[in-house]
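One-letter residues, chain by chain:
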Amino acid sequence: MKSLSPAQQGSDIFSAIVAAPFGAIGIRTEAGQLRELVYLPPHFSEKDATDALADQAGEQVARYVADADFKFSLPLAEVGSAYQHKVWDAIASIPRGSVRTYGQVAKHIGSAPRAVGQACGANWFPLIIPCHRVTAAGGLGGFSNRDDENGFHLSVKRWLLKHEGAAMAGTPWQQQAIWA
């Protein structure tokens, strides 16, 4: 029996995998809805879409990568708690090129910064719900429930913020050496 590489094994759960400048994005669809988008490291190979929605999602991801102003329109699965939706709605209203701190989002919705961070980490639809636009007050903060400053996920967050033009001097998250 032929053994599969970790990238091949992991790709079985995705309906498509599309290349991205920082690696790849795994797309999961289920019952005619987008179930999840996942940031994947560069060792994942592209995978052709297994259904029309996965193909559409892949095309929209490619359009976003080419144009940060692109607006997604995909049917999203109903996931998350009422609180998470409150946070995700607030995040979705942050304009491209802008960032808000966990504290600013928390104040806006009447919550606590740590709870906002946890809801950001539970986001099933990154890019569509742009949790990368939420940073810590004194630095970049975490991303996808990870905070290793030189790790893959924070490099994705850095790329997304640069791609969207949020690299303006004087923003709180630039106090940290995030462009490493």
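Criteria and thresholds
- Residues numbered from 1 in each chain as written.
- Predicted model: local features only at pLDDT ≥ 70, side-chain atom pairs only at ≥ 80, totals over all residues.
- Heavy atoms only, no water.
- Axes fitted to C-alpha atoms, helices over the stretch in contact; angles between N-to-C directions.
- Helix = DSSP H or I, 4+ residues; strand = E, 2+ residues; numbered from the N terminus.
- Parallel < 35°, antiparallel > 145°, perpendicular 65-115°, else oblique.
- Contact = heavy atoms within 4.5 Å.
- Nonpolar A, V, L, I, M, F, W, Y, C, P; charged D, E, K, R; others polar.
- Pairing = 2+ DSSP bridges.
- Polar contact = N/O pair within 3.5 Å; in protein donor to acceptor, adjacent residues only side chain to side chain.
- Phe/Tyr/Trp six-rings, centres within 6.5 Å; stacked < 30°, edge-to-face > 60°.
- Buried < 20%, exposed > 50% of the residue type's maximum accessible area, 1.4 Å probe, protein only.
- Lys NZ or Arg CZ within 6 Å of the ring centre and 35° of its normal.
- Core = buried A, V, L, I, M, F, W, Y, C linked by side-chain atoms within 4.5 Å.
- pLDDT = per-residue confidence, 0-100.

Undergrad: Residues and numbers for the packing of helix α3 (residues 82-92) against helix α5 (residues 113-121), please.
TA: Orientation of α3 relative to α5, taken along the N-to-C sense of each, is 85 degrees, at an axis distance of 9 Å. With respect to α5, the axis of α3 lies roughly perpendicular. For the pair formed by α3 and α5, the contact residues are Y83, Q84, V87, W88 and I91 on the first element and A115, V116, A119 and C120 on the second. Residue composition of the contact of α3 with α5, by class: 8 nonpolar, 1 polar and no charged.

Undergrad: Requested: an account of the sheet that holds strand β3 (residues 33-40), with residues and values cited.
TA: Strand order in the open sheet formed by 3 strands is β1-β2-β3, with antiparallel pairing between adjacent strands. Because the sheet does not close on itself, it has two edges, and the strands there are β1 (16-20) and β3. Going across the sheet, the axis of each strand differs from the next one's by a mean of 25 degrees, ignoring polarity. Packing against the sheet, helix α2 (residues 52-66) makes contact with β1, β2 (23-30) and β3, and its axis sits at approximately 145 degrees to β2.

Undergrad: Describe the side chain of S15, listing the residues and the values that go with them.
TA: When you line up the elements, S15 lands in the loop between α1 (6-11) and β1. Of the polar contacts made by the side chain of S15, one reaches the side chain of T29; its length is 3.0 Å. What S15 contacts, discounting residues up to four positions off in sequence, is I27, R28, T29, D48, A49, T50, D51 and A54.

Undergrad: Now, about the packing of aromatic side chains: what can you tell me, with residues and values included?
TA: Within this structure, the stated rule accounts for 4 aromatic pairs. On the basis of an interplanar angle of 80 degrees and a centroid distance of 5.6 Å, the ring pair of F22 and Y39 is categorised as edge-to-face. Remark: Y39 occurs in strand β3 and F22 occurs in the loop between β1 and β2; sequence separation between them is 17 residues. Under the relative-accessibility criterion, F22 is labelled buried at 10%. Plain terms: the ring middles of F70 and F72 are 5.5 Å apart, the flat faces sit at 80 degrees to each other, and that makes the pair edge-to-face. Each member of the pair, F70 as well as F72, carries the same accessibility label: buried. Grouping aromatic residues by their ring pairs yields a cluster made of F22, Y39 and W159. One cation-aromatic arrangement involves R35 over W124; the distance from NZ or CZ to the ring centre is 4.7 Å.

Undergrad: Outline the nonpolar core, listing residues and values.
TA: With 38 residues, the main nonpolar core has I25, I27, I91, V116 and L127 as its most contacted residues. Of the residues forming this core, the biggest block, 5 residues, is contributed by α2.

Undergrad: Help me get a handle on the pairing of β3, residues and values and all.
TA: Regular strands show a simple pattern: their side chains alternate between the two faces of the sheet. Summarising burial for β3: 6 of the 8 residues are buried, a large majority. Two elements, β2 and β3, share 7 bridges in a ladder whose sense is antiparallel. Note on β3: the bridge partner recorded for E30 is Q33. What sits between β2 and β3 in their antiparallel hairpin is a turn of 2 residues, with A31 showing a positive phi close to 50 degrees.

Undergrad: Can you explain unusual backbone geometry? Please cite residues and give values.
TA: A positive phi angle, near 50 degrees, is found at A31, a position not held by glycine. Unusually for a residue other than glycine, L127 sits at a positive phi of about 80 degrees. Tracing the chain through its elements places L127 in the loop between α5 and β5 (134-135).

Undergrad: Pulling in residues and values, what's your account of the confidence of the model for the protein?
TA: Overall, the prediction assigns the protein a mean pLDDT of 85, with 82% of residues at 70 or greater. For the protein, the element scoring lowest by mean pLDDT is α1, at 54; α2 scores highest, at 98. Under a pLDDT of 50 for its full length, residues 1-9 has, in the predicted model, 3 contacts with residues more than four places off or in other chains. Within the model, pLDDT remains below 50 along residues 173-180, and this stretch shows 30 contacts once partners closer than five positions in the same chain are excluded.

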